[in-house]
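Fold and geometry: a report
Given next are the chains, with one letter for each unit.
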Amino acid sequence: MQHIERHIGEKTFTYAYSPEPDHTQHGEGVTHPNVAQVCEHLTTIITELVEKLKPLGARSRISVIVTADHGHIDIDKANSVFLEPTDDIYKYLKTVFSVRRKEKRGEEKRGEESRKEKKSHLRQEPHTDPRIPFFTVREGMHQDFEIFFKEEYPQWHLVSIEEAENMKLFSDSEMSPVARKRAGDYFAFSRTKGIFSPQGDKMETAVGMHGGFLPEEMLVPLVIIPIPTK
């Protein structure tokens, strides 16, 4: 409120974010009674804000806009994929290097450099989001990966990053080199409410999720409340 009052009469935009009801929906599901309670609490906060802004309405045009960055669904565990460490998909996913530094110990090492770099292999898990998993594939195995994935996970639709760019799914402009590298080679989506995640990941215990292409995940509310000028 202090920020708004200081800038009355100016063209400004004040942003406030609430982690709810997203947090509760992840942990307890979309239809859990606690979600309704959280939404009622947010409604109370917004109502109080509007009342506090009313005295300022005569001095400036003010609107309160309430929206969300995504929708939400309850996870369908029966249509989900929870990867085991020995699953065949890992034969196709790229192994990346992690550089660790290890101290040299022992009298014979004195006078030499005290540290050295040691490389270790780390397996590249499906990344980004359990509703839209991204995959980085080993060199020369892309065609085999496509065949394997479509046979192994028929409820999931595989899309190459090149296809996504051509369809302008990410942006109307070309992806930056950083975004292109992070995206890997493919992503997948499902028309079910399942998730795709390594077993043991924290999302395995989640009840609600978002990030996919279902209407419930993509449709968001938009409420615009003009503050009266009198």
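In what follows, the structure referred to is the one given above.
Residues numbered from 1 in each chain as written. Predicted model: local features only at pLDDT ≥ 70, side-chain atom pairs only at ≥ 80, totals over all residues. Heavy atoms only, no water.

1. Looking at unusual backbone geometry
With an omega of 10°, the peptide bond between Glu20 and Pro21 qualifies as cis. By the element assignment, Pro21 lies in the loop between α1 (2–6) and α2 (22–28). For Thr128, which is not glycine, the phi dihedral falls at a positive 85°. Examined against the element boundaries, Thr128 turns out to sit in strand β6 (residues 127–128). The phi torsion at Lys168 lies on the positive side, around 55°, for a residue other than glycine. For Lys168, the position within the fold is in the loop between α5 (161–166) and α6 (177–183). (Helix = DSSP H or I, 4+ residues; strand = E, 2+ residues; numbered from the N terminus.)

2. A closer look at the side chain of His127
Along the polypeptide, His127 turns up in strand β6. The contact partners of His127, leaving out residues within four places of it in the chain, are Ile132, Pro133, Phe134, Phe135, Thr136, Arg182 and Ala183. (Contact = heavy atoms within 4.5 Å.)

3. A few points about the sheet that holds strand β7 (residues 133–135)
Taken in spatial order, the four strands line up as β6-β7-β9-β8 in an open sheet, and their pairing is antiparallel. Looking along the sheet, the strands with just one partner apiece sit at the ends: β6 and β8 (156–160). (Pairing = 2+ DSSP bridges.)

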